[in-house]
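Structural characterization, general
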Amino acid sequence: FPPYYNVPLQPQIKISFSKPIDKTNATKNISLKNAYSGEAVPLTIDHSVSDTILILTPANPINYINKYVVEISSTLTAQDKATLGNIFKFEFITRL
């Protein structure tokens, strides 16, 4: 995925899955980090549409004009215990 630009400082990042995700497993297998410093950003993770959509929101506003990486671990599990199987990453850059 190409980087996304001009993202707000407290975005709601929506990720859709084909199966319902295990809520207890999501918080330890999804991260948001500053791409330059590697600093982890605390996230709130909400679920919707029968747990097939996760909504990630930084707990606090993130920094202007910075690149961030969302990473979903290959060990993220669905409610049926199936794992994602591959690491999934994408980047975005915040607005001015």
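Our subject in this report is the structure included herewith. All figures in this text were calculated on a predicted structure; none of them were measured in a lab.

Before going further, it helps to examine the pairing of strand β3 (residues 30-34). By the alternation rule, side chains of β3 split into Ile30, Leu32 and Asn34, which are all buried, and Ser31 and Lys33, of which none is buried. In terms of strand pairing, β3 meets strand β6 (residues 67-72) through five bridges, oriented antiparallel. Looking across to β6, one finds that Asn34 is bridged to Tyr68.

Let us now look at the packing of aromatic side chains. Scanning the entire structure with this criterion turns up three aromatic pairs. With a centroid separation of 6.3 Å and 90 degrees between ring planes, the pair formed by Tyr4 and Phe90 is classed as edge-to-face. Here the residue Tyr4 occupies a position in strand β1 (residues 4-7), and Phe90 occupies one in strand β7 (residues 88-94), the gap between them amounting to 86 residues. In this structure Phe90 comes out as buried when scored by relative accessible area, which is 11%. An aromatic cluster of at least three residues, connected via ring pairs, comprises Tyr4, Phe88 and Phe90.

So, on to the nonpolar core. Within the largest apolar cluster, 19 residues are counted, with the highest numbers of intra-cluster contacts made by Ile15, Ile30, Val70 and Phe92. Of all the secondary structure elements, the ones that give two or more residues to this core are β2 (13-16), β3, β5 (53-58), β6 and β7. Among the elements that make up this core, the one with the highest residue count is β6 (three residues). Not counting the four nearest positions on each side in its chain, Ile15 is found in contact with Thr52, Ile53, Leu54, Leu56, Val70, Ile72 and Phe90.

Basis of the calculations
- Residues numbered from 1 in each chain as written.
- Predicted model: local features only at pLDDT ≥ 70, side-chain atom pairs only at ≥ 80, totals over all residues.
- Heavy atoms only, no water.
- Buried < 20%, exposed > 50% of the residue type's maximum accessible area, 1.4 Å probe, protein only.
- Helix = DSSP H or I, 4+ residues; strand = E, 2+ residues; numbered from the N terminus.
- Pairing = 2+ DSSP bridges.
- Phe/Tyr/Trp six-rings, centres within 6.5 Å; stacked < 30°, edge-to-face > 60°.
- Core = buried A, V, L, I, M, F, W, Y, C linked by side-chain atoms within 4.5 Å.
- Contact = heavy atoms within 4.5 Å.

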